[in-house]
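As a plain string of letters, each chain reads:
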Amino acid sequence: SSLITCIAGSAVWCFCTATASLFNSCCGNDKSSSIPPSSTSGRKRSVLLLVFTIALAFAFQYGVAPFVLGVSVSNYVTDSWADGCTGFDEQILQEKCAGNNGVFRATSSAFLFFLLAGIAAYCKPTANREAWPAKYVLFFFLTLGTCFIPNEPLFADIYLHIARIGAVLFVIMQQVIILDLAFNWNDSWVEKSNKAETEQMKQRWLGAILASCVILFVGSIVILILLYVYFGGCSLNLVFITFTLILGLGTTGLQLSGEEASLLSSACIMAYGTYLCLIAVSKNPNEECNPWIGEEDILGIILGIAFTCLSLAWTSFSFTAETKVNGNSDLEESLVDNNTTAKPSKGTPEEDRKVSGIVTNANNNDDVEQGDRGVSEREESTPSKPVSWKLNLVLAMISCFIAMTLTGWGSIEAGGNAANPDVSRVTMWMIITSQWIMFVLYGWTLAAPRLFPDREFS
């Protein structure tokens, strides 16, 4: 028996050691403290925490909240979750109220966590990549503690308004990033065409740009036609779809009449605007207007939750990338080798210039100067002040965005279930408003240089 005990003890020790090693590799610090952090240091672990937040928010909204309201025995916990929700006459609205506050519990914990992490990263730049096991434990107890706090006034009043402001700021930032992406895509491919070694390769890159334009425009028109067919059952949806078509074609015509942008940029904007229109009409709680509203069956619940989790996780990961948070190169990687420096282009300034469009007669007199300025920026080896806190600020806004997405921007109304977790009239209006903001911003980038020719808009 002593031999068996020894073997069992050794196996347990090996299992615990392997588990600790795996946990430390996922959550621990894998870089020396002498290496300066980048603006996205700790990004993957932070996004993983947001994924946990989304999972907890769903569990609180569609699991814990209905269960607590169904418990016949009244105690402090049940009273805290039902606080402010018993005034609704219908049971479904009471569950909606308690579920919304359940989401606020999880996301407010993440919001507070990232605010504190941002302050720590500002004071100590390496804080974003240190002590992640302890951070996860802290987040767990922080979320657990919110389960014992009444809904009012902390969640239903104070945090709700904070989350709305944070989500609006993130939506505006999101549209600016999309515009920047549209411009940079064209610039990148035209630059590769200019640097191509053969005329054949150059024509291939230009052909790829034209092919992308055709695919995006044709795809957008086809989707808008399908929206007219399947979502045109009410006047509101028809207004959204028609406005999308008019704004998309209008901004494209404005772009073609000048030299401020490119056809690929307009194609990207119209395609993304069409996507936002599709998402907006799919959030319409009116079943006559929205054929995508599914029944609350097992498959519908799984698909609804999976789609929402994946879309929110993708949003969290993609909009915390290095180029979006800070716009600079990753210092954390570039400073590992002190001998690594930025290499200037081998081409001539004329070959390296950026072309803003291939369909318009874009004027590129200032492009050489911009290229030289870009090289000088890449040669900077260290930031003048800590930048890693910016990641936490973006993640805090994303936490607010998640809260608003899952609760219909805090509205308590019939419609939406586990199969359609974010169906809401308020959500529909917020999405279509974000689309209008994007078109207005793009239109301004096209019109501003013409309205104020004496000002610099590079």
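Residue numbering note: each chain is counted from 1, following its sequence as written. Two thresholds apply to this predicted model, a pLDDT of at least 70 for residue-level local features and 80 or more for giving and counting side-chain atom pairs, whereas whole-chain, interface and lining totals are computed over all residues. The basis for every side-chain value is the complete set of non-hydrogen atoms in the structure, without hydrogens or water.

Peer 1: Looking at this structure, I do not really get the nonpolar core. What am I missing?
Peer 2: The nonpolar side chains of a soluble globular protein tend to be buried, and buried together. As used here, the term nonpolar core means buried Ala, Val, Leu, Ile, Met, Phe, Trp, Tyr and Cys residues forming a set that is joined through side-chain atoms within 4.5 Å. The buried label goes to any residue with under 20% of its type's maximum accessible area, the exposed label to any with over 50%, and the partly exposed label to all in between, with areas taken from a 1.4 Å probe on protein chains only. If you look at the biggest cluster of nonpolar residues, it comprises 43 residues, and the most contacted ones within it are Leu49, Leu50, Phe104, Phe114, Ile398 and Met404. Breaking this core down by element, the ones donating at least two residues are helix H2 (43–70), helix H4 (91–123), helix H5 (132–146), helix H6 (154–194) and helix H15 (389–407). No other element matches the twelve residues that H15 contributes to this core. The contact criterion used is simple: two residues touch if any of their non-hydrogen atoms lie within 4.5 Å. Every residue in contact with phenylalanine 114, bar those within four places of it in the chain, is listed here: Ser46, Leu49, Leu50, Asn392, Leu395, Ala396 and Ser399. In terms of nonpolar packing, the next biggest core, distinct from the first, is built from 34 residues, Trp189, Cys213, Ala267 and Ile269 among them. A run of DSSP states H or I qualifies as a helix once it reaches four residues; a run of E qualifies as a strand once it reaches two. Both are numbered from the N-terminal end.

Peer 1: Teacher, can you tell me more about the confidence of the model for the protein here?
Peer 2: Predicted coordinates in regions of low pLDDT should not be interpreted in detail. Per-chain confidence: the protein averages 76 in pLDDT, with 68% of residues scoring 70 or above. Per-residue confidence from the predictor is reported as pLDDT, which spans 0 to 100. When mean pLDDT is taken per element in the protein, helix H8 (residues 235–256) scores highest with 94 and helix H12 (residues 331–334) scores lowest with 39.

Peer 1: So what exactly am I meant to see when it comes to the pattern of salt bridges here?
Peer 2: A side chain with one charge can pair with a side chain of the opposite charge if their charged atoms come near. A side-chain nitrogen of Lys or Arg and a carboxyl oxygen of Asp or Glu constitute a salt bridge if their distance falls within 4 Å. Taken as a whole and assessed by the stated rule, the structure comprises two salt bridges. Salt-bridge contacts for lysine 124 lead to glutamate 130; the nearest nitrogen and oxygen are separated by 3.1 Å. In this structure, the salt-bridge partner of lysine 195 is glutamate 191, at a minimum N-O distance of 3.1 Å. Assessed through its relative accessible area of 23%, glutamate 191 is described here as partly exposed.

Peer 1: Quick question: what am I supposed to make of the packing of H4 against H6 here?
Peer 2: How two helices pack is summed up by the angle between their axes together with the distance between the axes. Orientation of H4 relative to H6, taken along the N-to-C sense of each, is 55°, at an axis distance of 11 Å. Here H6 runs oblique to H4, going by the angle between their axes. Considering the relative orientation of H4 and H6, their crossing is left-handed. Between H4, through Asn101, Phe104, Arg105, Thr107, Ser108 and Phe111, and H6, the contact on the second element is made entirely by Phe155, Ala156, Tyr159, Leu160 and Ile162. Residues are grouped as follows: nonpolar covers Ala, Val, Leu, Ile, Met, Phe, Trp, Tyr, Cys and Pro; charged covers Asp, Glu, Lys and Arg; every other residue, Gly included, is treated as polar. Class assignment of the residues belonging to the contact of H4 with H6 gives a composition of seven nonpolar, three polar and one charged. Angles shown run from 0 to 180 degrees and are taken between the N-to-C directions of axes, each axis being a line fitted to C-alpha atoms and, for helices, limited to the stretch in contact. When an angle is under 35 degrees it counts as roughly parallel; over 145 it counts as roughly antiparallel; between 65 and 115 it counts as roughly perpendicular; any other value is oblique. Here a crossing is taken to be left-handed if its near helix is turned anticlockwise relative to the far helix by less than a right angle, and right-handed if that turn runs clockwise.

Peer 1: So what exactly am I meant to see when it comes to unusual backbone geometry here?
Peer 2: Leaving glycine out, the prevailing phi sign among residues is negative, and the prevailing peptide bond configuration is trans. Cis peptide bonds are those with omega within 30 degrees of zero, and the linkage from glutamate 152 to proline 153 qualifies with 5°. When you line up the elements, proline 153 lands in the loop between H5 and H6. One non-glycine residue, alanine 131, lies in the positive phi region at around 55°. Unlike most non-glycine residues, tryptophan 409 shows phi in positive territory, near 60°.

Peer 1: Before we go on, may I ask you to explain the packing of aromatic side chains in this structure?
Peer 2: Here the distance between the centres and the angle between the planes together describe a pair of aromatic rings. Geometry of aromatic contacts follows a simple scheme: Phe, Tyr and Trp rings, the Trp one being its six-membered ring, pair when their centres are within 6.5 Å, and the pair is stacked under 30 degrees between planes, edge-to-face over 60, tilted otherwise. Under the defined criterion, the tally for this structure stands at 21 aromatic pairs. Where phenylalanine 113 meets phenylalanine 139, the ring centres are 6.3 Å apart and the plane angle is 75°; that geometry is what we call edge-to-face. Of this pair, phenylalanine 113 sits in helix H4 while phenylalanine 139 sits in helix H5; the two residues are 26 residues apart in sequence, bridging distant segments of the chain. By the burial criterion, phenylalanine 113 is buried, and phenylalanine 139 matches it. When the ring centre of tryptophan 81 is taken as origin, the NZ or CZ atom of arginine 105, which lies over that ring, is 4.4 Å away. The ring of tryptophan 132 is capped by lysine 135, whose NZ or CZ atom sits 4.5 Å from the centre of that ring. Whether a charge sits over a ring comes down to the Lys NZ or Arg CZ being within 6 Å of the ring centre and within 35 degrees of the ring normal.

Peer 1: Would you take a moment to explain the side chain of threonine 78 for this structure?
Peer 2: Mapped onto the fold, threonine 78 is located in helix H3 (residues 76–82). For threonine 78, a relative accessible area of 10% corresponds to the buried category. Pairs of N or O atoms within 3.5 Å make up the polar contacts considered here, provided that, within protein, one atom can donate a hydrogen while the other can accept it, and that residues adjacent in sequence are counted only when both atoms are side-chain atoms. A distance of 2.8 Å separates the side chain of threonine 78 from the backbone nitrogen of asparagine 75, its partner in a polar contact. Excluding residues within four positions of it along the chain, threonine 78 makes contact with Val68, Val71 and Val73.

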